[in-house]
Amino acid sequence: VLREISLALLLGERVALIGKNGSGKTTLLRCLASLSKPNAGEIIINHKLTETNISNARAQIGWAGASEGGFPARFTGRENLNFFGALRGLSPREISATIDYWQDWKPFSEALGTPFQFASSGMRQALSILRSLLHRPPVLLWDEPFRSLDPEAKLFFQKRFLALSPQHALLFSCHSAEDASQWASRAIRLEEGGALDVGPA
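Residues numbered from 1 in each chain as written. Predicted model: local features only at pLDDT ≥ 70, side-chain atom pairs only at ≥ 80, totals over all residues. Heavy atoms only, no water.

A. Main features of the pattern of salt bridges. Per the stated rule, a full pass over the model turns up three salt bridges. Across the pair Asp104 and Arg160 runs a salt bridge whose closest N-O atoms are separated by 3.1 Å. With Asp104 in the loop between α4 (92–102) and α5 (106–112) and Arg160 in helix α7 (residues 151–162), the pair connects residues that are 56 residues apart, well separated along the chain. Here Lys154 ties to Asp179 by a salt bridge, and the two come within 3.1 Å at their closest N and O atoms. Within this pair, whereas Lys154 is found in helix α7, its partner Asp179 is found in helix α8 (residues 177–183), the two being separated by 25 residues in sequence. The same class applies to Lys154 and to Asp179, which are both buried. (Salt bridge = Lys/Arg side-chain N within 4 Å of Asp/Glu carboxyl O. Helix = DSSP H or I, 4+ residues; strand = E, 2+ residues; numbered from the N terminus. Buried < 20%, exposed > 50% of the residue type's maximum accessible area, 1.4 Å probe, protein only.)

B. Structural view of the packing of helix α3 (residues 77–87) against helix α6 (residues 121–133). The contact between α3 and α6 brings their axes to 10 Å, and the two run at 25 degrees. Relative to α6, α3 is oriented roughly parallel. Here α3 and α6 pass one another in a crossing that is right-handed. Each of Gly77, Leu81 and Phe84 in α3 lies in contact with α6, whose residues at this interface are Leu127, Leu130 and Arg131. A class-by-class count of the residues in the contact of α3 with α6 yields four nonpolar, one polar and one charged. (Axes fitted to C-alpha atoms, helices over the stretch in contact; angles between N-to-C directions. Parallel < 35°, antiparallel > 145°, perpendicular 65-115°, else oblique. Left-handed = near helix turned anticlockwise from the far one by under 90°. Contact = heavy atoms within 4.5 Å. Nonpolar A, V, L, I, M, F, W, Y, C, P; charged D, E, K, R; others polar.)

C. Quick look at unusual backbone geometry. Its identity is not glycine, yet Arg136 carries a phi of approximately 50 degrees, on the positive side. Among the secondary structure elements, Arg136 is positioned in the loop between α6 and β5 (139–143). Taking relative accessible area as the criterion, Arg136 reaches 57% and is therefore assigned exposed. Unlike most non-glycine residues, Glu144 shows phi in positive territory, near 45 degrees. Tracing the chain through its elements places Glu144 in the loop between β5 and α7. The exposure class assigned to Glu144 is partly exposed, which follows from its relative accessible area of 22%.

D. Quick peek at the packing of aromatic side chains. For the structure shown, the criterion picks out 15 aromatic pairs. Ring centres of Tyr101 and Trp102 lie 5.3 Å apart, and the angle between their planes is 80 degrees; this geometry places the pair in the edge-to-face category. Its relative accessible area of 29% is what places Tyr101 among the partly exposed residues. Exposure remark for Trp102: the relative accessible area of 2% places this residue in the buried category. Taken together, a centroid distance of 5.8 Å and an interplanar angle of 70 degrees make the contact between Phe146 and Phe172 edge-to-face. Placement of Phe146 in the loop between β5 and α7 and of Phe172 in strand β6 (residues 169–173) is noted, with a sequence separation of 26 residues between them. (Phe/Tyr/Trp six-rings, centres within 6.5 Å; stacked < 30°, edge-to-face > 60°.)

Structure follows, in structure tokens:
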């Protein structure tokens, strides 16, 4: 699916992965997140080789995928974040700080008291993104993060996230040229298994 991919992601960058369906965007993100193992090549995060330091690499990464990602169905949004935060070794105060920062984001505030099994697609997407931010990782890998969010929710999230963005390096996939241009500092197109840096989004 992928071949001769070479890219670097720097702190503070927001890079969009663009390309047709089947071009390898999800596969590349899953490899970088150590959820899929590449046949060859090296992935280095914070100067350490991922293959031999998987636990360290995962601690550096915030992942938000296209699937529902193992959220317990009966837990509310708040209970889910408390659960996943505890798995990350975060204190209740650290988890609450993230919840407080984002609780006036509509899809997230609606999700906080809603059991996951009854949450809308936008609420589930908001929870997935917020879970990736809980442990304040330097690297964020998001697979189509805005697909279920309405324009108003995306705009609110963008303004709030940009205040945090110098703390993160973000690589995300998208189908929308508008999302790429509004979110990314540069774009990378995947085509026939290879990557072409196409410059500013």
